[in-house]
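Remarks on the overall topology
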Amino acid sequence: MTAGFTQILLSIALISGLVYYVTNRCGSGDEKKQTRPNFIIILADDIGWGDLGINLPGRTSHTPNLDLMAQQGIRFTDFHSPASTCSPSRAAILTGRHGLRTGVTHNFAVGSIGGLPLNESTLAEVLQGAGYYTAMVGKWHLGHYGPYHPSHRGFDYYLGIPYSNDMGCTDAPGFDFPLCPPCSSGIAKRGCYSKVALPLFENLTIIEQPLDLWTLAEMYTTTAVRILHRSRQRGQPFLLYVALSHMHVPLSPALHTEGDAHSVYHSSLREMDAVVGAIKNASDEINKENTLIWFTGDNGPWNQKCQFAGNVGPFLGRWQTNRGGASAKTTTWEGGQRVPTVAYWPGKIAANMTSKALLSGLDIFPTVLSLAEVEAPSNRRYDGIDATDTLLHGSETGRKSVLHPNSGAAGQFGDLQAVRLGQYKAFYVTGAAEACGGGRGRQELHDPPLIFDLSQDEGEGSPLDSSTAEYQSALEQIEQEREAVMKDIASDHVSHADYSVDPSAVPCCAIISHLHKIHSHAA
């Protein structure tokens, strides 16, 4: 090789390097769009704090992929759902606002006309407006009729079910309590949805009705992985929201092969974990250094499902269970509110971290927007905090307080009936949530409230003596915090959700065939 040719090659290399530097570092108009982080939010339905294997070491783990993600990222031990039933929790996660602000205080029905009010902005809408590609896979449950459908709430692509997987019959049913007959039987049974088959949507089209529950996890996995692989071609940051229904009504092939209820639940848990693992692996292959994966639950286990419900760990709500009634889903006890939560972002989140910071699903909205450098709509107030310092820098400074709304137990829907402030938690109303066996416990109003010291009594068994100085000091601070939050909500822009029901809103019957299989093209 001549010296002249070598010089030419060196010149070309220098020019190419300069072009690369200028294009990628100094001035492409799309630079910010290409370098902003990607987000994968995974929400598990009705999962218990103790269902995450790493939360209860020494026991058989059914979540190896989530355990690994926790070891490679950060595990939160004091993370709370914004509400303890599906619709209000999901609305709060996607808006960063309590149900008393959004109007979403309880679940929407199969025939609901309304949904999350249209003047509320979802995380997907805000990120979509900032140039993100947005996709959702899984359960929605925030309205499916007309403009409330997820395709009209900020998602460029949607594959999933409009509400819970037990809110419609199927021809290959999974476990329910009571066991529900298939659509094809024509049998009506109390407690079962027998008139309308469970639909599967791809964008605005019903592609299966009744859907095949046995292939749903595989379909979700394939679609989510395809979305991630195609993100390379799109060249824009993305939000992928995956809402898995496995634990709401346990569903897995174990129903055919394993005899006891615990085996069925654990098999469903393993299948859910496998979906998470496949999504993580695909993300790792594509762009793990620029992708945050955040896994959490919408609320705790559904006690009335008995052995087919999850594990609350040490958060047993003994004061309530000793008097009858449930202490998990629909309640404000820790078992209904404290959920397993893991975040993973190689190079940004240090490995094998455990955080005791007090946080809530309300904090996902402002934290994601902060990391994306996107402003939230300014014409309303938010209940979430930016948890970036906790997520990325190990700060143990979380929320000052968490206020828990009634989500279907005693009292008025949405009322903030329990207040967590530091180590103390106060209950103003308890009871009236159905437990395994049908007991509910009587509704009780507490004035003054019950106050527990969770640092000494995580099982919420023995409230503080109201005559003590410790109780009086905690009560004063809790009352001040509750009053401040209620005053702020009262002065805010408050929305009103339409909970009316009409047969015309029932999602039916673009096709009625589960021979029609998905051939997704938009993901």
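Presented here is a report on the structure given in the accompanying data block. These numbers were taken from a predicted model, which means no experiment stands behind them.

Points about the packing of aromatic side chains
Scanning all chains against the criterion turns up twelve aromatic pairs. For the ring pair Phe 155 and Tyr 241, a centre distance of 6.2 Å and an interplane angle of 20° mean the geometry is stacked. Of this pair, Phe 155 sits in the loop between β4 (133–138) and β5 (157–160) while Tyr 241 sits in strand β8 (residues 238–244), placing them 86 residues apart in sequence. Note on accessibility: Phe 155 and Tyr 241 belong to one class, buried. Considering the side-chain rings of Phe 365 and Tyr 382, the 5.4 Å spacing of their centres and the 20° angle between planes classify their relative orientation as stacked. Remark: Tyr 382 occurs in the loop between α12 (364–372) and α13 (388–393) and Phe 365 occurs in helix α12; sequence separation between them is 17 residues. Exposure remark for Phe 365: the relative accessible area of 1% places this residue in the buried category. Residue Tyr 382 is classed as partly exposed on the basis of its relative accessible area of 26%.

Topic: the state of the cysteines
Summed over all chains, the structure comprises three disulfides. Between the sulfur atoms of Cys 180 and its disulfide mate Cys 192 the distance is 2.0 Å. One quick way to see it: the torsion about the S-S bond of Cys 180 and Cys 192 is about -90°, and its sign makes the bridge left-handed. Of this pair, Cys 180 sits in the loop between β5 and β6 (200–202) while Cys 192 sits in the loop between β5 and β6; the two residues are twelve residues apart in sequence, bridging distant segments of the chain.

Re the side chain of Glu 208
Tracing the sequence through the fold places Glu 208 in strand β7 (residues 205–208). There is a polar contact of 3.5 Å between the side chain of Glu 208 and the backbone nitrogen of Asp 212.

The rules behind each value
Here the residue numbering is sequential within each chain, running from 1 through the sequence in written order. At least 70 in pLDDT is required for a residue's local features to be given in this predicted model, at least 80 for side-chain atom pairs to be given and counted, and no such filter applies to totals for whole chains, interfaces and linings, which use all residues. With hydrogens and water set aside, each side-chain value is computed from the structure's full complement of heavy atoms. To pair, rings of Phe, Tyr and Trp, with the six-membered ring standing in for Trp, must have centres within 6.5 Å; the planes then decide the type, stacked if under 30 degrees apart, edge-to-face if over 60, and tilted in the middle. Elements are defined by DSSP. Helices are runs of H or I of four residues or more, strands are runs of E of two residues or more, and each kind is numbered from the N terminus. Per-residue accessibility, obtained with a 1.4 Å probe over protein chains only, is compared with the maximum for each type, and a residue is labelled buried under 20%, exposed over 50%, and partly exposed between these values. Count a disulfide wherever a pair of cysteine sulfur atoms falls within 2.5 Å. Each polar contact in these results corresponds to two N or O atoms within 3.5 Å; when the atoms are within protein, one needs to be able to donate a hydrogen and the other to accept it, and residues that are neighboring in sequence are counted only if both atoms are side-chain atoms.

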